[in-house]
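Working through the structure, step by step
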Amino acid sequence: MDDPTIIRCAWCLGDPDYITYHDQEWGRPLNESRGLFENLCLEGFQAGLSWITILRKRENFRAAFAGFDPHALAKWGAADIERLMQDQGIIRHRGKIEATLTNAQAYLKLEAEIGFSKFIWGFVDHTPQINRPQTLGDVPAQTATSAALSKALKQAGFKFCGPTTVYAFMQASGLVNDHFATCAFAPNIT
């Protein structure tokens, strides 16, 4: 919960869901392929919306999308899309729903060829990029690295993974650590 003695990134202040997410997940390296797949899918649903909307519906998304099991999702079809379009617990955007199923197929191919985690983390040389911005204005919406990863994902068959979405995915998954320099959760640099 919000402890006023703990200094945090300004974007999460004032909302207990954001604070919990900030303190326990955001910017922490995630190396597990399935978790990375889920994060990429959720960031795709977030495109054009506030992250808090997705965060508050995350459990609904997990239930609706079989825990983001790519093996299950890759087999889903038109009837599943129509069912999901009726699910008020998620974002009912046909393109994003269809993209999630397409992304599951692309994920399975990458996972078999190289490993999804290895593929993703290769774009940061398997080491989190630590930026330590001073203000929210110091945090870019996208970078050359997110653009390169976006392009590679699209070439592999992924959808709803533009450079801005991919940068948010990189932050959420700890490939990039953008905790403010003053934040208690910023990594120590020696």
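For the structure, see preceding data.
Below, the structure is looked at part by part. None of these values were measured; they are calculated from a predicted model.

Considering the overall build of the chain
Looking only at helices and strands, one finds nine helices and two strands in the chain. When its helices and strands are written in sequence order, the chain yields α-α-α-α-α-α-α-β-α-α-β. Counting only carbon and sulfur atoms, one obtains 52% of the accessible surface of the chain, whose full area is about 9200 Å². Here the chain holds 18 positive side-chain charges and 20 negative ones, and the gap between their average locations is 5 Å.

A word on helix H8 (residues 144–155)
Given 3.6 residues to a turn, an α-helix orients residues that are three or four positions apart in the same direction. Taking 1.5 Å per residue, 12 residues should reach 16 Å; H8 reaches 16 Å between its end C-alpha atoms and fits that length. Listing the buried residues of H8 in full gives Thr145, Ser146, Leu149, Ser150, Ala152 and Leu153. On an axial view of H8, the arc spanned by its buried residues comes to 165°, and they lie on one face. Residues Ala144, Lys151 and Gln155 are exposed on H8 and point more than 90 degrees away from its buried face. Check the buried side of H8 and you find it contacts helix H2 (33–46), helix H7 (116–121), strand S1 (129–130) and helix H9 (163–172). Positioned one or two residues after H8, Gly157 has a phi angle of 105°, which is positive.

Regarding the pattern of salt bridges
Across all of its chains, the model carries eight salt bridges by this definition. For the salt bridge of Arg56 with Asp15, the shortest nitrogen-to-oxygen distance reads 2.2 Å. With Arg56 in helix H3 (residues 51–64) and Asp15 in the segment before helix H1 (16–24), this pair connects stretches of sequence that are 41 residues apart. Classification of Asp15 as buried rests on a relative accessible area of 13%. Note that Glu25 is salt-bridged to Arg58, the shortest N-O span being 2.7 Å.

Structural notes on the packing of aromatic side chains
Under the definition given, this model contains 12 aromatic pairs. When the centroid spacing of 4.7 Å and the interplanar angle of 55° are considered together, the rings of Phe45 and Phe61 count as tilted. Of this pair, Phe45 sits in helix H2 while Phe61 sits in helix H3, and the two are 16 residues apart along the sequence. Accessibility classification places Phe45 together with Phe61 in one group, the buried group. Put simply, the rings of Phe45, Phe61, Phe65, Phe68 and Trp76 pair up and form one aromatic cluster. Here the guanidinium or amino end of Arg83 rests over the ring plane of Trp76, the centre of that ring lying 4.9 Å away.

Points about the state of the cysteines
This model, assessed by the stated rule, comprises zero disulfides. In this structure Cys161 is a free cysteine whose sulfur lies 10 Å from that of Cys41, the closest cysteine sulfur available. For Cys161, a relative accessible area of 2% gives the class buried.

Rules used in this analysis
- Residues numbered from 1 in each chain as written.
- Predicted model: local features only at pLDDT ≥ 70, side-chain atom pairs only at ≥ 80, totals over all residues.
- Heavy atoms only, no water.
- Helix = DSSP H or I, 4+ residues; strand = E, 2+ residues; numbered from the N terminus.
- Areas by Shrake-Rupley, 256 points an atom, 1.4 Å probe, with all protein chains shown as cover.
- Lys, Arg positive; Asp, Glu negative; His and termini not counted.
- Charge placed at Lys NZ, Arg CZ, Asp CG, Glu CD.
- Expected span 1.5 Å × (residues − 1).
- Buried < 20%, exposed > 50% of the residue type's maximum accessible area, 1.4 Å probe, protein only.
- Arc of directions from axis to C-beta.
- Contact = heavy atoms within 4.5 Å.
- Salt bridge = Lys/Arg side-chain N within 4 Å of Asp/Glu carboxyl O.
- Phe/Tyr/Trp six-rings, centres within 6.5 Å; stacked < 30°, edge-to-face > 60°.
- Lys NZ or Arg CZ within 6 Å of the ring centre and 35° of its normal.
- Disulfide = S-S within 2.5 Å.

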